[in-house]
Amino acid sequence: MRVAVCAPQVPFVRGGAELMADELVAALRTRGHEAELVTMPFKWYPGARVLDQAFLWRLVDLTEADGRQIDRVVATKFPAYCVRHPHKVAWVLHQFRQAYDYDRTELGQFSESAVDRATRRAVERLDAVALGEARRVFATSRNVAERLLRYNGIEAELLPHPPQSLPYRTSEQEGFVLSVNRLDRAKRIDLLIEAAQHEPSVRIVIVGDGPDRARLQELARGLNGQVEFAGRIGDEQLADLYARCLAVYYAPIDEDFGMVPYEAFLAEKPVLTTTDAGGPLEVVFDRQTGVVVAPEAAELGRAVAYLREHVDEASAWGRAGRAIAERVTWDACVDALLS
Amino acid sequence: MKVAYYSPVAASRSGIADYSALLLPALRERVDIVVAEPRRRAPEADVALYHIGNDPDAHGWIVDAFRRRPGVVVLHEFVLHHLISGITLGRGDPRGYLDAMERELGVPGRLIGLGVLDNLLPLLWETQPERFPLAGTILDRAQGLIVHSRYVADRARAAGYGGRLWRIPHPAWQMDRVEPATEVAGDPLIGCFGHLNMNKRIPELLEAFAAFRRSRPRARLLLAGGTGERFDLTRRLERLGVGDGVVRLDYLPEERMWSLMAACDVLVNLRFPTMGETSGSVIRGLSLGKALVVSDVGWFAELRDGVALRVPVDEYEVPVLEAALGFACEHAAALGAAARAYVEREHALPRVADAYVAALEVAAGGDRVNEEVLWRIAEAAAEAGIDDAGALAREAVASGIVA
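Draft legend 1. Region of interest: the overall build of chain A. When its secondary structure is counted, chain A shows eleven helices and 14 strands. Taking 20 Å as the expected radius of gyration for a compact globule of 339 residues, we find that chain A reaches 20 Å, a close match to that expectation. Seen through its C-alpha atoms, chain A measures out along the principal axes to roughly 60 × 50 × 30 Å. Looking at chain A residue by residue over its 339 residues, the buried ones come to 49%. Long-range contacts, defined as pairs at least 24 residues apart, comprise 66% of the intrachain contacts of chain A with a sequence gap of at least 6.

Written out as structure tokens, the structure reads:
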């Protein structure tokens, strides 16, 4: 089968969504399909720009390429799922959240002006059309599926995706908490740094880069080396950090899904998250596969201290997580997407 | 976003005032609302919302404000002849009336209007308003239209309205527990609430009830509401010989109406001709989970099977109505449960308020968003040498990118 995987691209930004699209293409090829990543740059501001960026996808003709039919389109995100194709499958990582759950929060982009309100409604309308014409709509997590139902009345099937391929392994924990994330406010890494302020025994390694880096570094100043910013690193180095950490912190605000808990589990590490983290709570169960606390720095600090004092329990929770992560496979995903 | 809200207010005996009393608190939770008042300066707002019904006393000032500043119209009924005649002829403006008639039917309409003015023809708003709805003068200026039914939506489109249109169901009252009145009883007790006139098919209802009562002699019919001047209900009751089977009450305060409705086994709300209105009384009945019998016309015909028994208005109306009363009494519990489930699903107040806000947001800012996006599309098309930027614009509309 010839499959076009459609995903938007924010130039110079690479995160979980980009990894997922690449891995899907690789998984399709491994299983004998012809697969290609189709992408376009996405800039969602200012104002109604988000709409003409989305419109670009409507103009793309993916029915065939070079005289040969494209059998299936799998689109992963807004606005890529606006593309038209008779056999379009939407595998929704997330919608344009500024128009939905982020609206009227500090993460939103639409003001109370009449134009901004109408732009938000246009995104809603566009989603109804674009997702409504898909042959099937999958969501990568229950959280994403619930948003689709709540905001758009669209029933999506649940289809989580596997984490990125890394040489996962585990080794003796070295007492630090690992954060693997793009550094932006929504990922809430500041909460972990504040936890280190409350609990001097907490050591943190922060992997990733992003627009919030300078603020986070400023926040970590004066913590006497408790916090290390590793920046962007290679796969081998990342696998090594996973293997050696005590636990992995992952607590964005109402996250869609997030691959990080799965990656942590494949390294047999428990995940530290918060009660409002959204998608991660579908696999991180308190004192079964990690620790779930209120989104407060002091609580988080106490949780890390507990893990440091109970490393056997932490290891057991990590191993329990591994069993969950191993159930999510590319075979199941490809079968569902192409069935 | 700020909304200027024009509606009759609760003090008037108006179904639309009741409607606003129900809707406004939910809207206020979602958007900034300024309620406009008669003879006061129009409030500053991003968009104005005008509730328009057929009563010139309640809605004349709203139409005046609407003419000064167009906005979104909530068309509570499609037939506005009484309203238009009231705000034209009633204010000494025969030319306005003739213009409205001409808008409706062209030159023949103007001539018919002249016939009315010269007393050569009967007063159309009293005799056959449904044939001359006169909604056009409102539709022409509406920046957006909110209707409650497919029936009114279709009629507005047929009348040439091409603008934005939203069909938003009438909100339901959230009645957790209403204590049924005990002073009126019957086995069964059938209720008919609202203004009682020929349009409500009261003669047909009385005839069907008289027949029904032969097999259910303890049945009673509660008729609650004012009567029209030319409708002699008392004489009709005497003639049919059902005097003691019918309980007659005049206009009721809200609380008492609810408790009397709750006491009924079956509620009847017939209509013909319809002015395209939605019945607040039917919505109340649905909210209470009552078995309902309605006419199979207009909005009433859109009530789904199993939610209400719909009686066609034809030569078999009376016997079918009699049978429907029997069926409704027998299956009152099941019909009532279906009614309540339906109203909770389709007419839930939060859902209605959300739909209003969505409509108002698009009405307030949609044009500017469209202009902005279409301009950039057209500009890019022109730069790329595409002559027919209209095709791109049509695609933008089809995909929902522009409204």
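Having put the structure on the table, let's press on.
Draft legend 2. Molecular detail of the pairing of strand β6 (residues 88-94) of chain A. Residue and element names in this part refer to chain A. Summarising burial for β6: seven of the seven residues are buried, a large majority. In the sheet, strand β5 (residues 72-77) pairs with β6 via four bridges, with the strands oriented parallel. Bridge assignment links Lys77 to a residue of β6, and that residue is His94. Both β6 and strand β7 (residues 136-139) contribute to a ladder of four bridges, which runs parallel. In the sheet register, Val89 faces β7, and the bridge partner there is Arg136.

Draft legend 3. Fine view of the packing of helix α1 (residues 15-28) of chain B against helix α15 (residues 349-383) of chain B. Residues and elements named next belong to chain B. Interhelical geometry of α1 versus α15 gives an angle of 70° and a closest axis separation of 9 Å. By the angle between their directions, the pair α1 and α15 is classed as roughly perpendicular. Regarding α1 and α15, the two cross each other, and that crossing is right-handed. Within the contact between the two elements, α1 uses Leu22, Leu23, Ala26 and Leu27 and α15 uses Leu349, Pro350, Val352, Ala353 and Tyr356.

Draft legend 4. Expanded view of the nonpolar core. Grouped together as the largest cluster of nonpolar side chains are 180 residues, with contacts concentrated most on Val5(A), Tyr81(A), Val92(A), Leu49(B) and Val293(B). Of all the elements, α15(B) adds the most residues to this core, at twelve residues. Apart from residues no more than four positions distant in its own chain, Val5(A) is found in contact with Ala21(A), Leu24(A), Val25(A), Ala35(A), Glu36(A), Leu37(A), Val38(A) and Val74(A).

Draft legend 5. Expanded view of the domain arrangement of chain A. Residue and element names in this part refer to chain A. Segmenting chain A into domains produces domain 1 (2-159) and domain 2 (176-325). One C-alpha centre belongs to domain 1, the other to domain 2, and the line joining them spans 28 Å. At the junction of the two partners, domain 1 supplies eleven residues and domain 2 supplies eleven residues. Every element with two or more residues in the side of domain 1 that touches domain 2 is listed here: β6 and α4 (142-152). It is α4 that contributes the most residues to the side of domain 1 that touches domain 2, three residues altogether. The class makeup of the residues in the side of domain 1 that touches domain 2 is three nonpolar, six polar and two charged.

Draft legend 6. Local environment of the interface of chain B and chain A. Each partner contributes to the interface: chain B provides 20 residues, whereas chain A provides 19 residues. Only α15 and α16 (389-398) of chain B provide two or more residues apiece to the side of chain B that touches chain A. Sorting elements by how many residues they give to the side of chain B that touches chain A places α15(B) first, with twelve residues. Taken together, the residues of the side of chain B that touches chain A sort by class into ten nonpolar, four polar and six charged.

Draft legend 7. Broad picture of the sheet that holds strand β10 (residues 203-207) of chain A. Residue and element names in this part refer to chain A. In space, the six strands of this open sheet follow the order β11-β10-β9-β12-β13-β14, with parallel pairing throughout. Looking along the sheet, the strands with just one partner apiece sit at the ends: β11 (227-231) and β14 (290-293). The mean inter-strand angle of the sheet, taken between neighbouring strand axes irrespective of direction, is 25°. Sheet topology places β10 next to β11; four bridges connect them, and they run parallel.

Draft legend 8. Looking closely at helix α3 (residues 81-88) of chain B. The buried fraction of α3(B) amounts to eight of the eight residues, a majority that puts the element mostly inside the structure. In the core, the buried residues of α3(B) are packed alongside α2 (56-68), α4 (94-105), α6 (124-127) and α7 (136-139) of chain B.

Draft legend 9. Just the packing of helix α5 (residues 189-198) of chain A against helix α6 (residues 213-220) of chain A, in detail. All names here are of chain A. Closest axis-to-axis distance for the α5/α6 pair is 10 Å, and the angle between their directions is 10°. The pairing of α5 with α6 is recorded here as roughly parallel in orientation. Contacts from Ile189, Asp190 and Ile193 of α5 reach α6 at Leu216, Leu219 and Ala220. Grouping the constituent residues of the contact of α5 with α6 by class yields five nonpolar, no polar and one charged.

Draft legend 10. Looking closely at the domain arrangement of chain B. Residue and element names in this part refer to chain B. Splitting chain B by domain gives domain 1 (2-167) and domain 2 (189-346). Each of domain 1 and domain 2 was reduced to a C-alpha centroid, and the two centroids are 28 Å apart. Taken together, the contact between domain 1 and domain 2 spans 17 residues of the former and ten residues of the latter. Secondary structure elements with two or more residues in the side of domain 1 that touches domain 2: α1 and α8 (150-158). Counting residues per element, the side of domain 1 that touches domain 2 draws most heavily on α8, which supplies four residues.

Draft legend 11. Geometry of unusual backbone geometry. Going from Tyr45(A) to Pro46(A), the amide bond is cis rather than trans, its omega being -5°. Looking at where Pro46(A) falls in the secondary structure, it is placed in the loop between β2 (34-41) and α2 (49-59). The step from Phe272(B) to Pro273(B) runs through a cis peptide bond, and the omega angle for that step is -5°. Mapped onto the elements of the fold, Pro273(B) is located in the loop between β10 (266-269) and α12 (280-287). Positive phi, close to 55°, is recorded for Asn224(A), a residue that is not glycine. Along the chain, Asn224(A) turns up in the loop between α6 and β11. The class for Asn224(A) is exposed, based on 9 C-beta atoms found within 10 Å. You will see that Glu268(A), though not glycine, has its phi angle at about 60°, which is positive. Here Glu268(A) is to be found in the loop between α8 (260-266) and β13 (271-274). By the C-beta count within 10 Å, which is 23 here, Glu268(A) ends up buried.

Draft legend 12. Layout of the pairing of strand β11 (residues 291-295) of chain B. Residues and elements named next belong to chain B. Burial of β11 is extensive: five of the five residues sit out of reach of the surface. Relative to β11, β10 runs parallel, the two sharing four bridges. Its bridge partner being in β11, Leu267 is matched across the sheet by Leu292. Taken together, β10, α12 and β11 form a β-α-β motif whose crossover is right-handed. Across three bridges, the pairing between β11 and strand β12 (residues 309-311) is parallel.

What counts as what
- Residues numbered from 1 in each chain as written.
- Chains lettered and ligands numbered in written order.
- Predicted model: local features only at pLDDT ≥ 70, side-chain atom pairs only at ≥ 80, totals over all residues.
- Helix = DSSP H or I, 4+ residues; strand = E, 2+ residues; numbered from the N terminus.
- Rg over C-alpha atoms; globule rule 2.2 N^0.38 Å.
- Buried ≥ 20, exposed ≤ 12 C-beta atoms within 10 Å, placed from the backbone.
- Contact = placed C-beta atoms within 7 Å.
- Pairing = 2+ DSSP bridges.
- Axes fitted to C-alpha atoms, helices over the stretch in contact; angles between N-to-C directions.
- Parallel < 35°, antiparallel > 145°, perpendicular 65-115°, else oblique.
- Left-handed = near helix turned anticlockwise from the far one by under 90°.
- Core = buried A, V, L, I, M, F, W, Y, C linked by C-beta atoms within 7 Å.
- Domains from an automatic or database assignment.
- Nonpolar A, V, L, I, M, F, W, Y, C, P; charged D, E, K, R; others polar.
- Right-handed = clockwise from strand over helix to strand, strands pointing away.

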